[in-house]
Amino acid sequence: MGYKANFLSQSDICAVYQCLDGHIHFKYRSLDIAMDPKEFYQVAEVFTDALRTLRKVKEPANDKINLADIEVLPKV
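The structure displayed is predicted, hence computed values, not measured ones.

K.L.:
Looking at this model, I keep getting lost on the sheet that holds strand 3 (residues 24–28). Mind explaining?
P.N.:
Strands in a sheet are paired, the pairing made by backbone hydrogen bonds, and the direction either parallel or antiparallel. On the basis of which strands lie adjacent, the open sheet formed by four strands has the order 1-2-3-4 and antiparallel pairing. The open sheet terminates on both sides in strands that have one partner only, identified here as strand 1 (5–10) and strand 4 (31–35). Ignoring which end each strand starts from, the neighbouring axes of this sheet average 25° apart. Relative to strand 3, strand 2 (residues 14–19) is paired through five bridges, and the arrangement is antiparallel. When the sheet's bridge partners are listed, Gln 18 is paired in strand 3 with Ile 24. Helix-sheet contacts for helix 1 (residues 37–58) involve strand 2, strand 3 and strand 4, and the interaxial angle to strand 4 is about 120°.

So, how was this worked out
Residues numbered from 1 in each chain as written. Predicted model: local features only at pLDDT ≥ 70, side-chain atom pairs only at ≥ 80, totals over all residues. Heavy atoms only, no water. Pairing = 2+ DSSP bridges. Helix = DSSP H or I, 4+ residues; strand = E, 2+ residues; numbered from the N terminus. Axes fitted to C-alpha atoms, helices over the stretch in contact; angles between N-to-C directions. Contact = heavy atoms within 4.5 Å.

What follows is the structure, encoded as structure tokens:
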């Protein structure tokens, strides 16, 4: 990444940037993958789906309803 680029997002170990040729790059440590915008959207969708799946595993859905937590308004 020694040339001018538009950084879209970055952290300590990875970055997403757009080069002057319009390619979107995903850089992770020493790996730098260039793709066109259409490919990037597909990759981003896969990452997003994986994050949703991991979130579901960490925070399982609670189907139980606690009636004491439900606010009830009197009907007039």
